[in-house]
Each structure stands twice: as C-alpha cells, then as structure tokens.
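Chains, contacts and geometry: an overview
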Amino acid sequence: MRIACLGECMVELAATPLRRGFGGDTLNTALYLARLLAGTPHRVEYLSALGDAPLSEQMLHAWAEEGIDTRRVARLPGHRPGLYLVEVDALGERRFHYWRGESAARRWFAGAIALEDWLARPRLDMLYLSGISLALFPPPRREALLAALADFRAEGGRIGFDSNYRAELWSVEEARPVHQRMLSLTDIALLTLDDECRLHGPHEARAAADRALQLGCAEVVIKRGAAACLVATADQRIEVPALPVPRVVDSCAAGDAFAAGYLAGRTLRRSPAVSAEDGHRLAAAVIGHPGAIIPRCAMPTAFA
C-alpha cells in the first residue's frame, strides 16, 4: 500500500535553552508511520511545499532519512517554511505560537495545484490529512480538494482524517460544515473529543462516534487524552484503555503518534482494538520525551 500524508511541516523551537527541530501534525504522523512500516512493502510519502534555502534542504533531507518519499514535495523559490514556538508547562501541556502566514506550504495550497495528479489511482492507495490541512487551503481551493477527494474515493482510494481543529486557523462556523463534509468522504476518522465538543458543543464520545458514522465514515476512533479511546464501527463499540505514563514531559504530537500507530496497525491488517493499543503505546512513548519527534531508540517495540 502507498500512503500519502498531506499538510505542512514547520521549524520547531522548543525546550530551554531553545532547540531547533521540525514538526507539523501530518508530518509527525508520516514520520512515525514510516518508522513503523519500515521493512514492509508499504510506503509513505509526504505532500507539501518547502522553499529553496538551506533550511528547507535540511528538512527535506531529514524526512528522506526517515524513509519518507519526498519526490512530490514542491519547492518554491524565494519562500521558506513556517515556524512555531512551543511553551510547555510543568504538567507537560503545551502552548503554541505560530509564524506561518507566508509559508511555502500555504502559498502552494493557494495555487492551482493539479489535485488529480496527487490522487492518481493506482499510484496512491490512501491519503491522510487533518483539520489543519483543510484550514490551510483558501475556500475555493478547499472546494477543489474536497471534489478531488470524492473522485479519489469513488475510484477505490481510502481516506484517513484527524479532526485537529485549531481555532487560530478558522472559526467554528467555517470549520464545522467542512469537517462534516470531510467525514462523509472518510474511511478512518481519528477524532479528539475536545475538538468535537468545540465544533458541536458538549457531548459524549458515543455521540461523536455516532455522528461520524451517520455521515458515512466506516471506522471511527474518539481519542480522550489519558482516558480510554472509543473505537466504533457499524457493528461494534470498543473502549481501549490508554497506557499509564509515569511523567508527561511534553504532550506535543501525542495525537499524531496515536494516528500513526493506529494506521500502521490497520495497514498491517491488525484489528481496530489492537491497532488502538498500538496507537496508545506510541503516544505514551512520545509524551515521555520533549518535542514532536522522539529518537529512534525510544520507539516502542509493538511492531517488532
């Protein structure tokens, strides 16, 4: 299977003293997914844009070293990646500050991209994207993307979607109908209950799962932080406990890591429940380290 992740990767400044790295929700998932699927026939690629300066070259090289296919990362002369600063409190909760308005990825998403080339079947089997990915497209191009996704799915392609709602990128009123349309095109939805409550008002995990299933999504996971996640299909509802973590160092990328563990498990034909265990296991490892990307040596051995 060939899986593509769509979104934006930025320069990350974090820790004390400041340490430079890189991260972005779908890039984090792509990287962990590539690690988990290494040595299998499955391949992971990234769909995004960078500039042409040395910093962009360094990011591209780092992704390729992780086993991510970067051949379809666009290069925009004179542009650069976005940047974010992470502040982490004593409990490991983080606060982000972004400088991304003029990034290469946002400029690229606003252009007349040949979306049918991105999603050509049988070259691509699955596309993974997030609510952040959708928010980075201006409305006319977002409409074109949704239409292309509908065609891709009609031709047998599969779609994974993580809600990842960010209020600083768009309002609830703008995001809610787009998320609903996206769920109607989605095969595997990875939703965070907090995000669903921001979009639809307070409600329980089962109601969030039922709504996604009624919209046409085949498989739904409702993430609830340290509490058990809910895995739902038309035939079953299963709660899968999260793993206890002695100390949360940095909660950044926990959801992205869970998505990678779950999607890797499903790609390898593991059951939804076992795949959720894999997602929890990787997320637990990630939040025990600073930054979005943990060292390879810290990866759990769930897939060994």
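Before any of the text, the structure's been laid out above.
What you see is a predicted model; the values in this text were computed from it and never measured.

Our focus in this paragraph is the pattern of salt bridges. According to the stated counting rule, one finds 22 salt bridges in the structure shown. Across the pair Glu 8 and Arg 100 runs a salt bridge whose closest N-O atoms are separated by 2.8 Å. Of this pair, Glu 8 sits in the loop between β1 (2–6) and β2 (10–14) while Arg 100 sits in the loop between β8 (94–99) and α3 (104–109), placing them 92 residues apart in sequence. In terms of burial, Glu 8 and Arg 100 fall into one category: buried. Residue Lys 223 pairs with Asp 162 through a salt bridge whose shortest N-O separation is 2.8 Å. Remark: Asp 162 occurs in strand β10 (residues 158–162) and Lys 223 occurs in strand β12 (residues 219–223); sequence separation between them is 61 residues. On the accessibility criterion, Asp 162 (0% relative accessible area) is buried.

Take helix α2 (residues 54–65) next. Note: α-helices contain 3.6 residues per turn, so residues at a spacing of three or four share the same orientation. The first and last C-alpha atoms of α2 sit 16 Å apart over twelve residues, in line with the 16 Å expected at 1.5 Å per residue. Among all positions in α2, only Ser 56, Met 59, Leu 60, Ala 62 and Trp 63 are buried. Looking straight down α2, one finds its buried side chains confined to an arc of 160°; they lie on one side. Exposed and facing more than 90 degrees away from the buried side of α2 are Pro 54, His 61 and Glu 65. Packed against the buried residues of α2 are β2, β3 (19–23), α1 (25–37), β4 (43–47), β5 (49–50) and β6 (74–75). Gly 67 occupies a position one or two residues after α2 and carries a positive phi of about 90°.

This part covers the nonpolar core. With 53 residues, the main nonpolar core has Tyr 32, Trp 63 and Leu 190 as its most contacted residues. The leading source of residues in this core is α1, at eight residues. When near neighbours in sequence (up to four residues on either side) are disregarded, Leu 190 contacts Tyr 128, Phe 161, Asp 162, Ser 163, Val 221, Lys 223, Phe 258, Ala 259, Tyr 262 and Leu 263. Counting 52 residues, the second-largest nonpolar core is a separate cluster that includes Leu 145, Val 178, Leu 191 and Ala 212.

A word on helix α7 (residues 172–184). A rise of 1.5 Å per residue sets the reference length of α7, with its 13 residues, at 18 Å; its end C-alpha atoms lie 18 Å apart and thus fit the reference within 8%. Turning to α7, its buried residues number three or more, namely Val 172, Ala 175, Val 178, His 179, Met 182 and Leu 183. Taken around the axis of α7, the buried residues stretch over an arc of 140°, which confines them to a single face.

This paragraph deals with the side chain of His 42. If you trace the backbone, His 42 turns up in the loop between α1 and β4. Of note is the side chain of His 42, whose polar atom sits 3.0 Å from the backbone nitrogen of Met 1. With residues near it in sequence (within four places) discarded, His 42 still touches Met 1, Leu 37, Thr 267 and Leu 268.

This part is about the pairing of strand β14 (residues 237–240). Pairing analysis gives four bridges linking strand β13 (residues 229–232) to β14, with the strands arranged antiparallel. Looking across to β14, one finds that Ala 232 is bridged to Arg 237. The loop that links β13 with its antiparallel partner β14 comprises four residues.

Note on placement: Val 240 falls in strand β14. In this structure Val 240 comes out as buried when scored by relative accessible area, which is 3%. Separated by 35 residues in the primary sequence, Val 240 and Ser 275 have C-alpha atoms spaced 9.8 Å apart. Those residues in contact with Val 240 that lie beyond four places of it in its chain are Ala 228, Cys 229, Val 231, Ala 273, Ala 276, Glu 277 and His 280.

Contact geometry of helix α6 (residues 139–154) with α7 gives a least axis separation of 10 Å together with a crossing angle of 15°. Taken together, the axes of α6 and α7 lie roughly parallel to each other. The hand of the α6/α7 crossing is left-handed. Note on element contacts: α7 touches α6 through Glu 174, Val 178, Arg 181, Met 182 and Ser 184, opposite Pro 139, Arg 142, Glu 143, Leu 146, Leu 149 and Arg 153.

With that settled, consider the environment of Ala 259. The topology assignment puts Ala 259 in helix α10 (residues 254–267). Assessed through its relative accessible area of 0%, Ala 259 is described here as buried. Measuring from C-alpha to C-alpha, the distance between Ala 259 and Gly 279 comes to 6.3 Å, with 20 residues separating the pair along the chain. When sequence neighbours within four positions are dropped, the list of residues in contact with Ala 259 reads Thr 29, Tyr 128, Asp 162 and Leu 190.

The rules behind these values
- Residues numbered from 1 in each chain as written.
- Predicted model: local features only at pLDDT ≥ 70, side-chain atom pairs only at ≥ 80, totals over all residues.
- Heavy atoms only, no water.
- Salt bridge = Lys/Arg side-chain N within 4 Å of Asp/Glu carboxyl O.
- Helix = DSSP H or I, 4+ residues; strand = E, 2+ residues; numbered from the N terminus.
- Buried < 20%, exposed > 50% of the residue type's maximum accessible area, 1.4 Å probe, protein only.
- Expected span 1.5 Å × (residues − 1).
- Arc of directions from axis to C-beta.
- Contact = heavy atoms within 4.5 Å.
- Core = buried A, V, L, I, M, F, W, Y, C linked by side-chain atoms within 4.5 Å.
- Polar contact = N/O pair within 3.5 Å; in protein donor to acceptor, adjacent residues only side chain to side chain.
- Pairing = 2+ DSSP bridges.
- Axes fitted to C-alpha atoms, helices over the stretch in contact; angles between N-to-C directions.
- Parallel < 35°, antiparallel > 145°, perpendicular 65-115°, else oblique.
- Left-handed = near helix turned anticlockwise from the far one by under 90°.

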